[in-house]
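# Report on the structure
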Amino acid sequence: MRLIVVSDIHGRKGNLFEIVDRHIKEADYFLCLGDCNSGDDFDDINIYFGKKVHLITVSGNTDYYSSEPTEREFTLAGKRIMLCHGHTFNVKMTYITLAHEAKNRGVDIALFGHTHEPYISLENGVYLMNPGSAANGSYGIIDINDKEIICENVRI
């Protein structure tokens, strides 16, 4: 299973289009970690790509009119995944709170944005990943197979 992870688009739809276009054929899901202009950044994506884009999203601190929750948890390919923007876990100061909460919730992967800085680590059996800012050209790829979870941050 391949997941493409974006965050902090902040209206830079050109970068978002490039990311989606690059991965539309192999991505199972696109995950957005917030600050996507209350979902507006995906309006044109959905019109252009239609039902090929399987999107799961949360709202960020600048998504003022979003109806999306600030957190989501779900299972894909047998792995528990937590999405959040990160501002409610104070990730600009420390990742400890998020890592602790993710471990307590029993998730395998905790995805967050907000800092605009790409980050990947394995903390007590939980992958923490920030794809950076799509507005700045960075995003993440997660491949999940029977044996492993592979997280990678890439640039346009």
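Refer to the structure above for everything that follows.
Quick caveat: nothing in here was measured; it's all calculated off a predicted structure.

This part covers the environment of Val 6. Looking at the secondary structure, you find Val 6 in strand 1 (residues 2–6). The class of Val 6 is buried, set by a relative accessible area of 3%. A sequence separation of 13 residues divides Val 6 from Ile 19, and the C-alpha atoms of the two residues are 8.7 Å apart.

The next thing to look at is unusual backbone geometry. Here the phi dihedral of Asp 8 falls at roughly 50°; this positive angle occurs in a residue that is not glycine. Inspection of the secondary structure puts Asp 8 in the loop between strand 1 and helix 1 (13–23). Its relative accessible area of 0% is what places Asp 8 among the buried residues. Look at Asp 35: it is not a glycine, yet its phi comes out positive at around 55°. Along the chain, the position of Asp 35 falls in the loop between strand 2 (29–32) and helix 2 (43–49). Exposure remark for Asp 35: the relative accessible area of 3% places this residue in the buried category.

It is worth spelling out the state of the cysteines at this point. This structure, assessed with the given rule, holds 0 disulfides. We note that Cys 32 lacks a disulfide partner, and the nearest cysteine sulfur, in Cys 36, lies 3.7 Å from it. The closest cysteine sulfur to the non-disulfide-bonded Cys 84 is located on Cys 32, 12 Å from its own sulfur.

What follows is about helix 1. Inspection of helix 1 places Asn 15, Leu 16, Ile 19, Val 20 and His 23 among the buried residues, and these make up the whole buried set. Down the axis of helix 1, the buried side of the element spans an arc of 130°, and every buried residue falls inside it. Buried-residue contacts for helix 1 involve strand 1, strand 2, helix 2 and strand 9 (138–144).

In this structure, Val 6, Ile 9, Val 20 and Phe 42 are the most contacted members of the largest nonpolar core, which totals 19 residues. Of the residues forming this core, the biggest block, 3 residues, is contributed by helix 1. In contact with Phe 42, not counting residues within four places along its chain, are Val 6, Ile 9, Leu 16, Cys 32, Cys 36 and Leu 55. Among the nonpolar cores identified, the runner-up in size contains 17 residues, and Leu 3, Leu 31, Ile 109 and Ile 142 belong to it.

Rules and cut-offs
- Counting of residues starts from 1 at the beginning of each chain's written sequence and follows it residue by residue.
- Local features in this predicted model are restricted to residues whose pLDDT is 70 or higher, and side-chain atom pairs enter the listing and the counts only when it is 80 or higher, whereas totals over whole chains, interfaces and linings include all residues.
- To obtain the side-chain values, all non-hydrogen atoms of the structure were included, while hydrogens and water were left out.
- To qualify as a helix, a DSSP run of H or I must reach at least 4 residues; to qualify as a strand, a run of E must reach at least 2; elements of each kind are numbered from the N terminus.
- Note on exposure labels: buried denotes an accessible area under 20% of the residue type's maximum, exposed denotes more than 50%, and partly exposed covers the range between, all computed with a 1.4 Å probe on protein chains only.
- What counts as a disulfide here is a pair of cysteine sulfur atoms lying within 2.5 Å.
- Comment: arc refers to directions from the helix axis out to C-beta atoms.
- We call two residues in contact whenever any of their non-hydrogen atoms come within 4.5 Å of each other.
- What we call a nonpolar core is a set of buried Ala, Val, Leu, Ile, Met, Phe, Trp, Tyr and Cys residues that are connected through their side-chain atoms within 4.5 Å.

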